[in-house]
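# Survey of secondary and tertiary structure
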Amino acid sequence: MPLTKPQPPLTVSFRRADIRALWIITTAVFSLAVGLAADTFGAPMPWAWGVAALALPLPGLVWPPWFRLGVRVWNRCAESGAAVLRAYVLKVGYYLLFSGVGRTGSALDLDLRNGETSRWISRARHEQTFAGCNRPSAQGGWWGRELLASAGLRGNAWQVSLLPVMLLLMLLRKEGQESALPSSTYTLY
Amino acid sequence: MSVNILGLSAFYHDSAAALLRDGTIVAAAQEERFTRRKHDPAFPTNAAAFCLSEAGISAGDLTAVAFYERPLVKWDRLVETFSEFAPRGFALFEEAMPTWAELKLQLPSRVRTALPGFSGDVYFVDHHESHAASAFFPSPFSEAAILTVDAVGEWSTSTFGTGHGNQLVLSHEQRFPHSLGMLYSAFTHYAGFRVNSGEYKLMGLAPYGKPRYVDLIRDRLIKLMADGSIWMDMSYFHYGQGLTMTSPRFHELFGGPPREPEALITAKEMDLAASIQVVCEDAMLAAARHLHSETKTPNLVMAGGVALNCVANGRLRREGPFENIWIQPAAGDAGGALGAALLVWHREMNQPRQPQFPDAQSGSLLGPKFSNDDIGLFLDSMGAAYEHIPDEETLLDRVARLMAEEKVVGWFQGRMEFGPRALGCRSIIGDARSPRMQQKMNVSIKFRESFRPFAPCILREHAHEYFEMRPDEESPYMLFVAPVLSTWRTQLTDRDRQDMENPDLRVRVSVKRSTVPAVTHVDYSARIQTVDEGRHGRYYRLMRHFHALTDCPVIVNTSFNIRGEPIVCTPDDAYRCFMATDMDCLVLEDHILLKNAQTFSLIPNIDDYRKQYSGALD
C-alpha cells in the first residue's frame with residue numbers, strides 16, 4: 001500500500017499528430033467546399049476562392065497559437081452543438097414517449113386503498129418477473145439486447161423506441177457527467 | 001485453488017470494494033478514502049486495487065465479481081417513474097438519462113474494462129439482498145430475522161425475511177416511492193442539510209426539539225401501519241418528478257420554504273428533527289415487532305442507510321422484542337459491496353457458513369495498514385520532528401498522560417475502518433471528562449457546527465456502569481445510543497438552565513451535564529462504542545492505561561478528518577490533517593509527533609487546507 005494517495009492515470013484523448021492530420025484534411029475539405037460554393041453561385045475564378053480559403057486554416061500548420069485557437073473554436077462549437085442536440089433529443093424523447101406512455105398508467109402504487117392495513121407485499125410476485133436479471137451476465141452481451149429482453153419480460157416492449165434516444169445520448173455524451181451528485185435530492189437514478 | 005470474489009458498489013454514493021477469499025473477508029474499503037472526495041460515487045478503482053493487493057492477486061485471479069445492484073431492474077423503476085409523472089418530470093429525466101446512456105446501461109462491459117485480465121462471471125445482486133447478506137452472513141447468528149431499510153434500491157425501499165445457515169430469504173418488501181429513508185431525507189432537505197449525508201445531523205439535532213409535528217406528519221404526510229409499513233402522500237413530495245425532495249404543498253404545510261444551508265437553525269428545525277426522529281423510531285419499532293411475530297427468532301440483523309440511525313437502534317434494543325441485534329457497520333451502500341460478494345459465495349456457489357463469535361467482521365478493520373518502517377521513512381522525508389517508541393507500554397503510557405493533560409491526539413494505527421465510523425484506528429481522541437474538549441475539537445480541529453456532541457469510547461467491561469446497557473451488551477461499531485446513567489449526571493445550576501435556553505446551540509451543548517460532558521448530549525444520551533481487546537487490540541490497551549491513570553474508562557472519539565474531508569487513509573493524509581489543525585499530538589503506529597516540536601515553516605495554511613474540502617459533502 002503506497003503511503004501517499006495514488007495519482008489518477010494520465011489520459012490523453014487524442015494524439016497531437018492525429019489532430020494535425022485532422023487539421024490538414026479539414027483545411028482541404030474547407031478549401032474544396034468554398035471553391036464549389038463559389039462555382040455554384042457563379043463567382044468568377046472559383047478555384048481562386050478555394051485557394052484563398054486555404055489562407056484561413058493553413059497558418060495553423062506552421063504557427064501553433066493559430067492551430068490551438070482553431071482547435072479550441074472547433075471544440076467549443078462541437079460542445080455547443082452537442083449540448084443543443086442533447087437537449088433536443090431529451091425533450092423529444094421525454095415529451096413524445098413518456099407523455100404518451102404515461103397516459104396508460106404506471107407500476108407505481110400511489111393510492112391508499114380503503115381499509116388498507118399493510119404496505120408489506122410479498123416479493124415472490126416480482127422476483128418471478130425479474131429472475132433473469134440476477135444471473136451472471138453473458139460475456140460481452142450488448143446492453144441494448146439485454147435491456148429489450150428485460151423490458152419484454154415485463155410486457156414493456158415499447159421500450160424499443162427508447163433505444164434510439166439512448167444511442168443518441170451516448171453519442172452526444174458530456175465529459176464528467178457521471179460525477180454529478182445533486183445535494184437537494186436523493187440519487188434516485 | 002482459492003475462490004476470490006470481488007464485491008463492488010458504485011455510481012450512486014459511497015462507492016466501495018470488498019474481497020472475499022474462500023468466504024473469508026480479506027479486505028474492504030470505500031473509494032472516498034483514496035480519492036479524498038467525500039462520498040465518491042465513481043467506480044472504485046483504487047479500492048478494488050487495494051483489495052487485490054491485500055490479497056496478493058491480480059484481476060485475472062478473480063473467480064467472480066459481484067455488483068450490489070441490478071441495473072436493469074432499477075432502469076425499470078426509473079422508466080415507470082417517468083411514465084407516472086410525465087409530463088412534469090423532465091428535470092429528473094434530463095438529469096438521469098445521460099448518465100444511464102453513457103454508463104449505467106453498460107455496467108457489465110464497464111466492470112470488465114475496469115478490471116483488465118478478469119474473465120470470470122459478473123453477478124448483479126439485488127440491492128436489498130446485498131444489504132441483507134452484509135447483515136446476516138458476518139453476524140454471529142446461525143438463524144436471524146433480517147430487516148433492511150434504506151431510501152431505495154431497485155424497487156424495494158425496505159425488506160424483511162430470515163436467514164438460516166447459508167440461506168437467506170427476503171419474503172416481503174415495501175416499494176418505491178413509499179420509503180422511510182426518503183421520508184427522513186425529505187426532512188433533512190427541508191431542515192437545510194444535504195440529502196445523503198446530512199441525515200446524521202438531523203438525528204443529532206433532534207434532542208434539542210420537541211416532537212410537536214408528529215401528529216401532523218402522521219395525519220397528512222404518511223400513514224404508518226401497525227406493522228411498521230408506511231404509505232406516503234406523494235403530493236407532499238417532489239422526488240418522483242424533480243430535483244428536490246419536498247413539494248410546495250409540503251412547504252405550505254410546515255409554514256415556509258426549506259431552510260437555506262448554513263442559515264441559523266431555529267426552533268422550527270429542531271422540532272421538525274425531533275418529530276421525524278420519533279416517527280422513524282416508531283416505524284422501526286413497529287416493523288421489528290411485526291417481524292418478530294412472523295419469525296419468532298430472538299435474533300435480528302439489520303442493514304441499509306436507516307440502520308445507521310443509532311438513536312432508533314438504541315430504542316429498538318431497549319424496547320424492541322429481539323434479544324440480540326447485530327447491525328452491519330457499513331450499513332449504507334458501501335456495505336452492499338461486501339454483501340453482494342457474500343451472497344454470491346453462499347447462494348450462487350452454495351458454500352456452507354459457520355457463524356463466528358463475536359462476528360466475522362473483524363471489528364470492521366478491513367482497510368489498508370502501514371508498517372513502522374514506511375512511516376519512519378515518510379516522516380523523515382517530510383522533515384517532521386518525531387520520536388520512535390517501539391516499546392508499547394512506554395508509548396501507551398505517554399499517550400495516556402497527554403490525554404489526561406487535555407491534549408487532543410490524532411490516533412493512527414492498524415487497518416483502516418470499513419464504514420462511516422472511525423473506530424479507533426483513524427480517530428481523534430481526547431479526555432471525555434474535560435468540559436473544554438467538545439468545543440476545542442469542534443472549533444479548532446473539526447471546523448464543524450458544534451451542536452452535536454462527540455461519541456464516547458468505553459472499555460467494554462465498564463459500559464453498563466456508565467450507560468443504560470445490560471452487562472452482556474456491546475456496541476463495538478458505534479451503532480447504538482444509550483442514556484448516561486443517573487449516577488454520572490450532574491445537577492444543572494441556574495446558569496446552566498439559562499444557557500439551555502440560549503438560541504446558540506453551541507452554548508447549549510457545552511453545558512456540563514455529566515462527569516463526561518464531552519460525550520453527553522442535551523438529552524443525556526451518548527452514541528457509544530464499546531472497546532474490547534479482541535477487536536481493538538492496542539486501542540483497548542491505550543484505554544486501559546488511561547483508565548488506570550484517571551479512573552475513567554471513557555474517552556472521546558471522533559473521526560480523523562475535518563469537516564467535508566473523508567477520514568484519513570494514509571500516514572500522509574494523517575500528517576497533513578494534524579499539521580493543518582490544532583491537534584496537539586499525532587501517533588502513527590510507534591511514532592509520536594508533538595505539534596509544538598514541529599518546524600513552524602512546515603505548518604500549512606489552515607484556510608488552504610479547508611478550502612480543499614469546502615465544497616464537499618459533509
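Now for a quick tour of the structure. Bear in mind the structure is a predicted one, so any value in this text is a computation, not a measurement. Along each chain, residue indices are assigned from 1 in the same order as the chain's sequence is written. Lettering of chains starts at A and numbering of ligands starts at 1, both following the order in which they are written. Local features in this predicted model are restricted to residues whose pLDDT is 70 or higher, and side-chain atom pairs enter the listing and the counts only when it is 80 or higher, whereas totals over whole chains, interfaces and linings include all residues.

All names here are of chain B. Whether a residue is buried, exposed or partly exposed follows from its count of other C-beta atoms within 10 Å of its own C-beta, namely 20 or more, 12 or fewer, or something in between, respectively; the C-beta atoms are built from the backbone. Numbering of helices and strands runs from the N terminus; a helix is a DSSP stretch of H or I covering at least four residues, while a strand is a stretch of E covering at least two. Every second residue of strand β21 (residues 591–594) is oriented toward a common face, the buried set being H591 and L593 and the non-buried set I592 and L594. Only strands that DSSP links by at least two bridges are regarded as paired with each other. In this sheet, β21 lies alongside strand β13 (residues 387–388) in antiparallel orientation, the contact comprising 2 bridges. By the bridge assignment, E387 is partnered in β21 with I592. Inspection of the sheet shows strand β20 (residues 585–588) paired to β21 by 4 bridges, in the antiparallel sense. Looking at β21, one finds that C585 is bridged to L594.

Turning to the sheet that holds strand β11 (residues 299–303) of chain B, a few remarks are in order. If you walk across this open sheet you meet the 6 strands as β1(A)-β8(B)-β7(B)-β6(B)-β11(B)-β12(B), and the pairing is mixed. Since the sheet does not close on itself, it has two edges, and those belong to β1 (121–122) of chain A together with β12 (324–327) of chain B, each with one partner. Relative to strand β7 (residues 156–164) of chain B, strand β6 (residues 143–149) of chain B runs antiparallel, the two being bridged by 7 bridges. Within β7 of chain B, the position partnered with A144 of chain B by the bridge is G163 of chain B. Here contacts are defined at the residue level, using C-beta atoms placed from the backbone and a cut-off of 7 Å between them. Orientation is described by lines fitted to C-alpha atoms, with helices fitted over the stretch in contact, and by angles between N-to-C directions that extend from 0 to 180 degrees. Packed on one face of the sheet, helix α11 (residues 267–295) of chain B meets β6, β7 and β11 of chain B and runs near 150° to β6 of chain B.

So, about the interface of chain B and chain A. Each partner contributes residues to the interface: chain B has 82 residues there, and chain A has 55 residues. Gly counts as polar in this scheme, as do all residues outside two lists: the nonpolar Ala, Val, Leu, Ile, Met, Phe, Trp, Tyr, Cys and Pro, and the charged Asp, Glu, Lys and Arg. The class makeup of the residues in the side of chain B that touches chain A is 48 nonpolar, 18 polar and 16 charged. Pairing geometry for β1 of chain A and strand β8 (residues 167–175) of chain B, over 2 bridges, is antiparallel. If you follow S122 of chain A over to β8 of chain B, its bridge partner there is H172 of chain B.

Here we take up the packing of helix α6 (residues 127–136) of chain B against helix α13 (residues 333–348) of chain B. Residues and elements named next belong to chain B. Contact geometry for α6 and α13: axes closest at 7 Å, N-to-C directions at 85°. As far as their axial angle goes, α13 and α6 are roughly perpendicular. Here H127, E129, S130, H131, A132, A133 and S134 of α6 come into contact with α13, specifically with G335, G336, L338, G339, A340, L342 and L343. By residue class, the composition of the contact of α6 with α13 is 6 nonpolar, 7 polar and 1 charged. Roughly parallel means an angle under 35 degrees; roughly antiparallel, over 145; roughly perpendicular, 65 to 115; everything else is oblique.

Another aspect to go through is the sheet that holds strand β18 (residues 525–531) of chain B. Residues and elements named next belong to chain B. Taken together, 9 strands build an open sheet; the order of strands is β13-β21-β20-β14-β15-β19-β16-β18-β17 and the sheet is mixed. The strands lining the two open edges of the sheet, one partner per strand, are β13 and β17 (480–483). Of the strands in this sheet, β14 (409–412), β15 (426–431), β19 (554–559), β20 and β21 are in contact with helix α15 (residues 392–404), which crosses β15 at around 55°. Contacting β14, β20 and β21, helix α22 (residues 571–580) runs over the sheet at an angle of about 175° to β20.

Residue and element names in this part refer to chain B. For R421, the location among the structural elements is in the loop between β14 and β15. Distance from R421 to S559, taken between C-alpha atoms, is 6.7 Å for residues 138 residues apart in sequence. The residues touching R421, leaving out its near neighbours within four places in the chain, are P329, Y477 and M478.

To continue, consider the environment of G50 of chain A. Residues and elements named next belong to chain A. Take G50: it is sitting in helix α2 (residues 46–54). On the basis of neighbour counts, which here come to 20 C-beta atoms within 10 Å, the residue G50 falls in the buried class. In this structure the C-alpha to C-alpha distance between G50 and G60, which are 10 residues apart in sequence, comes to 17 Å. Beyond its immediate sequence surroundings of up to four residues, G50 is in contact with S31, L32, V34 and G35.

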